[in-house]
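# Understanding the architecture of this molecule
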Amino acid sequence: MYSIGQLSKRSGLSRSTLLYYDRKGLVSPSARSVANYRLYDDNDVARLDLILIYKQTGISLEDIKDLLDHKENKSTQILEQRLENLNREVADLRSQQQFIIKLLQKDSLLAKSRVLTKEKWVEILKACGMSEVDMRQWHIEFERTMPQGHQSFLESLGIELDEIEVIRAWSKRS
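What counts, and where the lines are drawn
- Every chain begins its residue count from 1, and numbering advances along the sequence as written.
- With the structure being a predicted model, the display of local features is reserved for residues of pLDDT at least 70 and the display and counting of side-chain atom pairs for 80 or more, all residues being used for whole-chain, interface and lining totals.
- Excluded from the side-chain calculation are hydrogens and water; included are all heavy atoms of the structure.
- Nonpolar core, defined: a set of buried Ala, Val, Leu, Ile, Met, Phe, Trp, Tyr and Cys residues in which side-chain atoms within 4.5 Å join the residues together.
- Only protein chains enter the accessibility calculation, which uses a 1.4 Å probe; a residue whose area is less than 20% of its type maximum is buried, one above 50% is exposed, and one in between is partly exposed.
- A run of H or I in DSSP becomes a helix once it reaches four residues, and a run of E becomes a strand once it reaches two; helices and strands are each numbered from the N terminus.
- Contacts were defined at the residue level, with two residues in contact if any of their heavy atoms lie within 4.5 Å.
- Each aromatic pair joins two rings of Phe, Tyr and Trp (for Trp, the six-membered one) with centres within 6.5 Å, and gets the label stacked for planes under 30 degrees apart, edge-to-face for over 60, and tilted for any other angle.
- Counted as salt bridges are all cases of a side-chain nitrogen of Lys or Arg within 4 Å of a carboxyl oxygen of Asp or Glu.
- The method works on a 1 Å grid over the protein atoms by themselves. A cavity is a set of points holding a 1.4 Å probe that cannot get out, a pocket is an open set with protein on both sides within 12 Å along at least five of seven lines, and residues with an atom within 4 Å of a point line them.
- Grid points are joined across faces, edges and corners, and a volume is the space filled by probe spheres set on the points.
- Nonpolar residues are Ala, Val, Leu, Ile, Met, Phe, Trp, Tyr, Cys and Pro. Charged residues are Asp, Glu, Lys and Arg, and all others, Gly as well, are polar.

### Quick notes on the nonpolar core
- Y21, L48, I51 and I64 are the most contacted members of the largest nonpolar core, which totals 18 residues.
- When residues of this core are traced back to their parent elements, those giving at least two are α1 (4-11), α2 (15-23), α3 (42-56) and α4 (61-69).
- The element contributing the most residues to this core is α3, with 4 residues.
- Not counting chain neighbours up to four residues away, the residues in contact with I51 comprise Y21, L26, V27, I64 and L68.
- Listed in part, the 12 residues of the second largest apolar core include W121, M135, F142 and I167.

### Digging into the packing of aromatic side chains
- In the structure shown here, the tally under the stated rule is 6 aromatic pairs.
- Ring geometry for Y20 and Y21: centres 6.5 Å apart, planes at 50°, overall tilted.
- On the basis of relative accessible area, Y20 is assigned to the partly exposed category, the value being 33%.
- Note on F142 and F153: the rings are 5.9 Å apart at their centroids and 45° apart in plane angle, and the pair reads as tilted. Here F142 is found in helix α8 (residues 132-145), whereas its partner F153 is found in helix α9 (residues 147-156), with 11 residues between them in sequence. Of the two residues, F142 and F153, neither departs from the other in class, the shared state being buried.
- Ring-pair connections join several aromatic residues into one group, and the members of that group are W121, W138, F142 and F153.

### Digging into the pattern of salt bridges
- In total, this model carries 11 salt bridges according to the counting rule given.
- A salt bridge links K65 to D69; the shortest N-O distance between them is 2.5 Å. Of this pair, K65 and D69 both sit in helix α4, 4 residues apart, roughly one helical turn.
- Residue class for D69 comes out partly exposed when judged on its relative accessible area of 35%.
- Ionic pairing is found between R168 and E143, a salt bridge with its closest N-O pair at 2.8 Å.

### Structural notes on the layout of surface pockets
- For the largest pocket, the calculated volume is near 470 Å³.
- Around the largest pocket, the lining comprises 18 residues; the ones closest to its centre are A91, S95, S152, E155 and S156.
- When contributions to the lining of the largest pocket are tallied by element, the ones reaching two or more residues are α5 (74-104) and α9.
- Of the residues forming the lining of the largest pocket, the biggest block, 8 residues, is contributed by α5.
- Tallied by class, residues from the lining of the largest pocket come to 5 nonpolar, 9 polar and 4 charged.
- In this structure, the second largest pocket occupies an estimated 270 Å³ of space.
- If you trace the second largest pocket, you find 15 residues lining it, with K118, V122, E132, M135 and H139 closest to the centre.

Rendered as structure tokens:
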């Protein structure tokens, strides 16, 4: 059995966070000592470990509680939804990043940011010795193996959606 202080030290969470988790029904002590102190058993510790794992994914505490209380395939659904949300957030952030660079009209910012433009990407591929035919084949293979990844990559280069549709269309036909 672990006291709240021991569990706090083990988990790296503050005592007040553990009390908050108890109030929210995330993890509660299995027993009380003679002096009425909270005591946590190995199952409680295992549950807290799962909470900490799920927290690292950015899932809300409410969803974590739902996951832990209703295990029947809920984790897959919630994790897939979180991944989908993260993909959207990343795409939105990339778009904002590119827009700011355009607004500032400073090419020097490209080197400082993590933005890769279509032009820079083509320049890199050509420097590696790739021909237009090689680059076309690269798109075809990317589209075949990871269609959504291909879409996201093209978006990350700042390519307009109509051009992306054209690239993906000929990548599928080839």
